[in-house]
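# Structural characterization, general
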Amino acid sequence: MSYGSTLVSIIIPVWNLWDMTSACLQSLAEHTAGEHVEIIVVDNHSTDATSSKLENFGKSLFGTAFNVVHMSENAGFARGCNAGAAVASGDLLFFLNNDTKVTPGWLPPLREAMADKRLGAVGPLLLYPDNTVQHCGIIVTPFRQVEHLYEHLPAQYIPAHKKHPLKAITGAALLLHKKDFHACGGFCEAFVNGFEDIDLCCSLYRRGLALRVEARSVIYHHTSQTPGRFLHNKNNSMLLHQRQGNILFPDQHVLAAQDGYELHIGPTLLTWLSVPAERQQEYTAAVNKPTFNVKVCHKLLEHEPLWRDGWFLLANYLEKKGRAQEALQVLMSHWWLFPEERTYVALQHLHTIVYGCPNTKVETLLRGVHEADLAANAAVVHEARSMALDRRDVELVRLYDTWLARYAPEGGTTPPSC
């Protein structure tokens, strides 16, 4: 089969947000010209200009290759996507959020990837409008939370372009075979605007199919523009773990190690990545030959934003030069990379110098670290450790043991290792 000639049905569920929908369609018309596609927009009973403008606008761009499915109510993401898939003619289905804009050459790399019979689904590298990473894969933290890998790091960040062994990718831009979609039962309609995509990916994974992000394909994504997008996260999360819990075991530490990073767990059980101590020392030595070289520091941080000590070195240099405002901006723009006490203390110090008072948000975060219920958190760690032992995940057990030795009351009690 020639995947360059296979019909791709591009399915876009929408509810209001006409300006975003029209911009999305315009970008598709501009950057999908000559491709064998059909466009199916599922209108979830919009009440704005979408209801009056969509059909004529779409046909003016795509002619007979454009189709609208009208829903009698706001049926949500899963039902909307399933309704679009039900009328799709293509052997390949591409689900796309309406708050996106595609870029030149976005589709061929995805088509090419789907020629691999081992692949269940593929997605593009998604970027925020500020050219930072929005999505290059979904990871599961040591405490079974799902997060986006390398989110908010620069678009050119090399690890974000690597192919990682993933359990899930986002449904914001997802290409898969129609036969596989239907074999998995489509999107589970018990979810309410959240985690349907992860559930589907887990179902593909169960069938022995791989998931991939193809970074040669780039799409910009504004993310979560629909009102009430996160209202059902708690129930959705519970349902996801009921249906797919035996697949969604932690893999953040595995992906971190593959890319040469260390995973850290703080007292509040937040996690972060950094380059290993040996590389930290290597970079620090490079910028201090013979004295601190700010240009070299900037260059290294541009190449490796997870060099934790580098941000502190740069902020310290700027503060000593009487540029405390710039130093504060450096740390404020990267504090989320390292949610630890050291970061919060440095931020409070600089904020007080610049504004004469602490930052209330950072003060709350710092208080959370100081007042963390370590006994309760230790119980969570012990439970997670037990599950890691059952899977014989030696590295994950080591991470939990490190946390227990550092934070558990009176050092905690550590059960036997693997």
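Here, the structure is the one placed above.
Report follows, based on the coordinates. (Residues numbered from 1 in each chain as written. Predicted model: local features only at pLDDT ≥ 70, side-chain atom pairs only at ≥ 80, totals over all residues. Heavy atoms only, no water.)

### What about the overall build of the protein?
Along the protein, the regular secondary structure elements total 16 helices and 13 strands. For a compact globule of 418 residues, the expected C-alpha radius of gyration is about 22 Å, and the protein comes in at 24 Å, within 12% of that figure. Dimensions along the principal axes, computed over C-alpha positions, put the protein at roughly 65 × 50 × 40 Å. Every one of the 418 residues in the protein was classed for burial, and the buried ones make up 53%. (Helix = DSSP H or I, 4+ residues; strand = E, 2+ residues; numbered from the N terminus. Rg over C-alpha atoms; globule rule 2.2 N^0.38 Å. Buried < 20%, exposed > 50% of the residue type's maximum accessible area, 1.4 Å probe, protein only.)

### Topic: the pairing of strand β6 (residues 119-127)
Across the nine residues that make up β6, a large majority, nine, are buried. The sheet contact formed by β6 and strand β10 (residues 173-177) spans two bridges and is antiparallel. The residue of β10 that forms the bridge with Ala121 is Leu176. For β6 and strand β7 (residues 133-135), the ladder comprises two bridges, and the chain directions are antiparallel. Bridge pairing in β7 links Leu127 to Val133. The antiparallel pairing of β6 with β7 creates a hairpin that spans five residues between the two strands, and Asn131 there sits at a positive phi of about 65°. (Pairing = 2+ DSSP bridges.)

### Digging into the packing of helix α1 (residues 18-31) against helix α2 (residues 50-62)
Viewed as axis vectors pointing N to C, α1 and α2 meet at an angle of 5°, and their least axial separation amounts to 10 Å. Here α2 runs roughly parallel to α1, going by the angle between their axes. Only Thr50, Lys53, Leu54, Phe57, Leu61 and Phe62 of α2 make contact with α1, whose side of the interface consists of Trp18, Thr21, Ser22, Leu25, Gln26, Leu28 and Ala29. Among the residues making up the contact of α1 with α2, the classes are represented as eight nonpolar, four polar and one charged. (Axes fitted to C-alpha atoms, helices over the stretch in contact; angles between N-to-C directions. Parallel < 35°, antiparallel > 145°, perpendicular 65-115°, else oblique. Contact = heavy atoms within 4.5 Å. Nonpolar A, V, L, I, M, F, W, Y, C, P; charged D, E, K, R; others polar.)

### Regarding the nonpolar core
Judged by nonpolar contacts, the single largest core of 101 residues is most densely connected at Phe95, Tyr150, Phe187, Leu306 and Trp403. By residue number, the principal contributor to this core is helix α16 (residues 394-407), which donates seven residues. Contact partners of Phe95, with chain neighbours within four places excluded, come to Ile11, Cys81, Ala85, Gly171, Ala172, Ala173, Leu174, Leu176, Phe181 and Phe187. (Core = buried A, V, L, I, M, F, W, Y, C linked by side-chain atoms within 4.5 Å.)

### As for the pattern of salt bridges
By the definition in use, this model includes 17 salt bridges. We note a salt bridge from Glu112 to Arg216, for which the minimum N-O separation is 3.4 Å. With Glu112 in helix α4 (residues 107-113) and Arg216 in strand β11 (residues 210-221), this pair connects stretches of sequence that are 104 residues apart. Salt-bridge contacts for Arg243 lead to Asp199; the nearest nitrogen and oxygen are separated by 2.7 Å. In this pair, Arg243 is assigned in helix α7 (residues 233-244) and Asp199 in helix α6 (residues 196-206), connecting sequence segments 44 residues apart. Using a relative accessible area of 2% as the deciding quantity, one classes Asp199 as buried. One network of salt bridges, with partners in common, ties together Glu112, Lys163, Glu214 and Arg216. (Salt bridge = Lys/Arg side-chain N within 4 Å of Asp/Glu carboxyl O.)

### Digging into the side chain of Thr100
Relative to the helices and strands, Thr100 resides in strand β5 (residues 100-102). Given a relative accessible area of 1%, Thr100 falls into the buried group. Only 2.6 Å separates the side chain of Thr100 from the backbone oxygen of Asn97, close enough to count as a polar contact. Ignoring sequence-local partners within four residues, the contact set of Thr100 consists of Cys24, Ser27, Ile219, Tyr220 and His221. (Polar contact = N/O pair within 3.5 Å; in protein donor to acceptor, adjacent residues only side chain to side chain.)

### A few points about the state of the cysteines
Under the counting rule described, the total for this entry stands at zero disulfides. Cys81 forms no disulfide, and the closest cysteine sulfur to it belongs to Cys201, at a distance of 12 Å. For Cys81, a relative accessible area of 0% puts it in the buried group. In this structure Cys136 is a free cysteine whose sulfur lies 14 Å from that of Cys201, the closest cysteine sulfur available. (Disulfide = S-S within 2.5 Å.)

### Quick word on the environment of Ile12
For Ile12, the location among the structural elements is in strand β1 (residues 8-14). Considered as a pair, Ile12 and Gly80 are 68 residues apart in the sequence and their alpha carbons are 8.5 Å apart. Sequence-distant contacts of Ile12, that is, excluding residues within four places in its chain, are made with Cys24, Leu25, Leu28, Ile39, Ile40, Val41, Val42, Leu96, Asn97 and Asn98.

### A closer look at the packing of aromatic side chains
Under the defined criterion, the tally for this structure stands at 14 aromatic pairs. When the ring of Phe181 is compared with that of Phe187, the centres are 5.4 Å apart and the planes differ by 70°; the resulting orientation is edge-to-face. For the pair formed by Phe181 and Phe187, the shared burial category is buried. Relative to Tyr407, the ring of Trp403 has its centre 5.4 Å away and its plane inclined at 45°; by these criteria the two rings are tilted. In this pair, Trp403 and Tyr407 are both assigned in helix α16, four residues apart and thus about one turn of the helix distant. Residue classification places Trp403 among the buried residues on the basis of a relative accessible area of 2%. (Phe/Tyr/Trp six-rings, centres within 6.5 Å; stacked < 30°, edge-to-face > 60°.)

### Observations regarding the packing of α6 against α7
Packed helix pairs are characterised by how far apart their axes lie and by the angle those axes make with each other. Where α6 meets α7, the axes come as close as 10 Å, and the angle between the chain directions of the two elements is 5°. When the axis of α6 is compared with that of α7, the two are roughly parallel. Here α6 contributes Ile198, Asp199, Cys202, Ser203 and Arg206 to the contact with α7, which in turn contributes Leu240, Arg243 and Gln244. Considered class by class, the residues forming the contact of α6 with α7 number three nonpolar, two polar and three charged.

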